[in-house]
Amino acid sequence: MHSKRGLSIISSHCEGEAGDVIVGGILDLPAKTMHEKLSRYINEYDDLRQLLLHEPRGRPEMSGMVIVPPCDPRADAGFLIMAPGDWVPMSGSNTICTTTVLLETGMVPMNEPSTEVKLDTAAGLITATAECENGRCKSVAFDNVPAFVYALDKEIDVPGVGKVPVDIAYGGQWYVIAQAKDLNTVVETSHGDELISLGKRLKEAVLSQCMPTHPENPAICGVNNIVISQPLVIQDGKKSVRHTVIVTPGRLDRSPCGTGSSSRLAVLHARGLIEVGESITFQSIIDTKFVGRIRGLDKVGDYEAVLPNIRGRAWITGEKQLRLDPDDPFPTGFVI
Ligand SMILES: O=C(O)[C@H]1NCC[C@@H]1O
């Protein structure tokens with residue numbers, strides 16, 4: 001076997017959402033901040049993202065993480081997130097996958113019954129706490145970066161639907177949140193193609209009207225993904241909401257989406273629907289769950305922000321050595 005490139009990968013999934021964690025075969029690109037490091041990887045290693053995530057090696061329904069040295073001295077490790085459409089500053093399901101891989105492979109020492117792991121990301125420092133038993137992570141809860149609302153009830157003209165109110169919020173990535181009933185749809189897998197098409201149209205329509213921009217880092221701007229939601233339900237005093245997230249360039253998140261759920265915590269708090277310390281269950285389109293909680297309040301620039309905590313579980317699914325044959329006609333894969 002002759003290879004031009006090789007990557008060592010531990011594969012995993014978090015609540016159904018696949019995340020491949022690259023543990024070897026890619027060198028660090030030193031930088032002062034993780035966001036600068038992310039920019040260097042985008043400029044110098046985007047071929048590796050395409051190699052891993054595009055067909056025939058990858059598929060749109062997965063992400064890839066690169067473990068790198070952190071820039072913040074408080075962190076145990078850094079990681080950068082490759083999505084099928086681009087690189088993103090933060091991801092919830094992938095934080096849970098990465099924490100699980102770091103602890104279950106011994107890259108970060110595991111302590112039972114719980115281990116705290118500090119992870120440096122391009123969005124900021126994340127603290128993950130894993131409940132550990134017999135060498136395994138039984139759950140991972142992470143303190144996300146502050147989440148805040150950019151707009152509530154913004155009227156958007158969606159082609160083929162008409163005017164619908166949407167919320168726009170940041171939770172580590174930028175989200176547009178719409179109600180399924182306003183789009184004449186339901187959050188069910190049988191409506192998958194329709195949900196993806198609506199998500200793409202919504203994203204384009206929002207971007208033609210505004211450009212959400214992070215006040216502390218203007219490079220974090222635009223719209224990453226779309227949340228389409230069923231109404232919030234209160235049963236026996238417990239709050240839950242079923243939603244799906246249309247991830248760029250157009251596929252459904254299998255998990256309840258940690259950054260999307262964080263952005264929803266900011267919106268729910270702004271609407272007076274959830275208090276600090278209260279929990280809410282976010283349910284994905286395949287019925288998997290994250291538990292979200294607001295652990296406190298903060299400010300980001302002039303925006304009132306909430307401090308989200310998101311809990312879920314990941315499982316390691318295998319190990320692989322990805323190779324690039326010098327004669328392979330698809331060194332950066334292909335997208336259909
Ligand atoms: O949990 C999340 O934040 C995400 N899952 C895949 C797409 C998003 O990054």
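Residues numbered from 1 in each chain as written. Predicted model: local features only at pLDDT ≥ 70, side-chain atom pairs only at ≥ 80, totals over all residues.

Regarding the overall build of the protein
For clarity, the cut-off: Each helix is a run of DSSP H or I of at least 4 residues and each strand a run of E of at least 2, with the numbering of both proceeding from the N terminus. Exposure is read from a count of other C-beta atoms within 10 Å of each residue's own; the residue is exposed at 12 or fewer, buried at 20 or more and partly exposed in between. C-beta atoms are placed from the backbone.
Tallying secondary structure elements over the protein gives four helices and 21 strands in all. Classification of the 336 residues of the protein by burial places 45% in the buried group.

A short note on the environment of Ala180
Stated precisely, the cut-off is as follows: Whether two residues are in contact is decided by their C-beta atoms, placed from the backbone, lying within 7 Å.
Within the fold, Ala180 resides in the loop between β11 (174-179) and α3 (192-209). Distance in space between the C-alpha atoms of Ala180 and Val206 is 17 Å, their sequence separation being 26 residues. With sequence-adjacent residues up to four places away left out, Ala180 is seen in contact with Thr185, Val186, Val187, Ile228, Ser229 and Gln230.

Overview of the site of the ligand
Put simply, the rule is: Whether a residue is near a molecule or strand depends on its C-beta atom, placed from the backbone, lying within 6 Å of it. The nonpolar class holds Ala, Val, Leu, Ile, Met, Phe, Trp, Tyr, Cys and Pro. Asp, Glu, Lys and Arg form the charged class, and all remaining residues, Gly among them, are polar. In this document the domain limits rely on a domain assignment from an automatic tool or a database.
Inspection of the region around the ligand gives 14 residues, with Ser91, Gly92, Ser93, Gly258 and Thr259 positioned closest. Those elements that provide at least two residues to the shell around the ligand are α2 (92-104) and α4 (258-270). Of the residues in the shell around the ligand, the class split is three nonpolar, nine polar and two charged. If you count residues domain by domain, the shell around the ligand takes at least three from each of domain 1 (5-142 + 316-324) and domain 2 (147-313).

Comments concerning the packing of α2 against α4
For the record, the criterion: Inter-axis angles, ranging from 0 to 180 degrees, are taken between N-to-C directions of lines fitted to C-alpha atoms, where helices are fitted over the stretch in contact. Any angle that falls under 35 degrees is termed roughly parallel, while one over 145 is termed roughly antiparallel, one within 65 to 115 roughly perpendicular, and all others oblique.
Closest axis-to-axis distance for the α2/α4 pair is 5 Å, and the angle between their directions is 130 degrees. In terms of axis orientation, α2 runs oblique to α4. Packed against α2, whose contacting residues are Gly92, Ser93 and Thr95, the element α4 presents Gly258, Thr259, Ser261 and Ser262 at the interface. When the residues that make up the contact of α2 with α4 are grouped by side-chain class, the tally is no nonpolar, seven polar and no charged.

Comments concerning α2
Which entries qualify depends on this criterion: By definition here, a helix of n residues has an expected span of 1.5 Å times n minus one.
When the terminal C-alpha atoms of α2 are compared, their 18 Å separation across 13 residues agrees well with the 18 Å that a helix rising 1.5 Å per residue should span. Counting buried residues in α2 gives 13 out of 13 residues, a clear majority hidden from the surface. A positive phi of about 85 degrees marks Gly106, the residue just after α2.

Here's the deal with the nonpolar core
This is how the line gets drawn: The term nonpolar core means buried Ala, Val, Leu, Ile, Met, Phe, Trp, Tyr and Cys residues held together as one set by C-beta atoms within 7 Å.
Ala169, Val176 and Ile228 are the most contacted members of the largest nonpolar core, which has 91 residues in total. Looking at which domains feed residues into this core, each of domain 1 (5-142 + 316-324) and domain 2 (147-313) gives three or more. In this view, Val176 contacts Val166, Ile168, Leu202, Lys203, Val206, Val223 and Ile226; residues no more than four positions away in its chain are not counted.

Describing the domain arrangement of the protein
If you check the domain split of the protein, you get domain 1 (5-142 + 316-324) and domain 2 (147-313). Relative placement of domain 1 and domain 2: their C-alpha centres are 23 Å apart. With 25 residues of domain 1 at the contact, the number on the domain 2 side is 29 residues. Secondary structure elements with two or more residues in the side of domain 1 that touches domain 2: α2 and β8 (136-143). Residue contributions to the side of domain 1 that touches domain 2 peak at five residues, all from β8. Taken together, the residues that form the side of domain 1 that touches domain 2 break down as 12 nonpolar, eight polar and five charged.

Side note on the environment of Asp167
Relative to the assigned elements, Asp167 resides in strand β10 (residues 162-170). In this structure Asp167 comes out as buried when scored by C-beta crowding, with 24 C-beta atoms within 10 Å. For the pair formed by Asp167 and Ser263, sequence separation is 96 residues and the distance between their alpha carbons is 9.7 Å. When neighbours within four sequence positions are excluded, Asp167 is seen to be in contact with Val149, Ala151, Leu152, Asp153, Ile177 and Val267.

Thoughts on the UniProt feature "active site" (unreviewed entry) in the protein
To keep things clear, this is the line we draw: UniProt positions are given in the numbering used here, feature names are shortened, and annotations may be inferred rather than shown by experiment.
Feature annotation in UniProt places "active site" (unreviewed entry) on Ser91 and Cys257, given in this structure's numbering. Spatial clustering of the annotated residues is evident: they stretch over 167 residues in sequence, but the largest pairwise C-alpha distance comes to 7.8 Å. With respect to the secondary-structure elements, Ser91 resides in the loop between β5 (87-88) and α2. Those residues in contact with Ser91, other than ones at most four positions away along the chain, are Ser63, Ile81, Gly258 and Thr259.

Here we look at the pairing of strand β2 (residues 17-24)
Spelled out, the test is: By this definition, two strands are paired if DSSP reports at least two bridges between them.
The element β2 is extensively covered by neighbouring structure, given that six of its eight residues are classed as buried. Pairing geometry for strand β1 (residues 5-14) and β2, over seven bridges, is antiparallel. Across the sheet, residue Ser8 finds its bridge partner in β2, namely Gly24. Relative to strand β3 (residues 62-68), β2 runs parallel, the two being bridged by five bridges. Residue pairing in the sheet places Asp20 in a bridge with Gly64 of β3.

Side note on unusual backbone geometry
Residues Glu55 and Pro56 are joined by a peptide bond in cis, for which omega reads 10 degrees. Its place among the elements puts Pro56 in the loop between α1 (34-53) and β3. Note the cis peptide between Thr248 and Pro249, where omega equals 10 degrees. Here Pro249 is to be found in the loop between β16 (238-247) and β17 (251-252). You will see that Asp153, though not glycine, has its phi angle at about 55 degrees, which is positive. As for its placement among the helices and strands, Asp153 is situated in strand β9 (residues 147-158). Of the residues examined, Asp153 has 9 C-beta atoms within 10 Å and is grouped as exposed.

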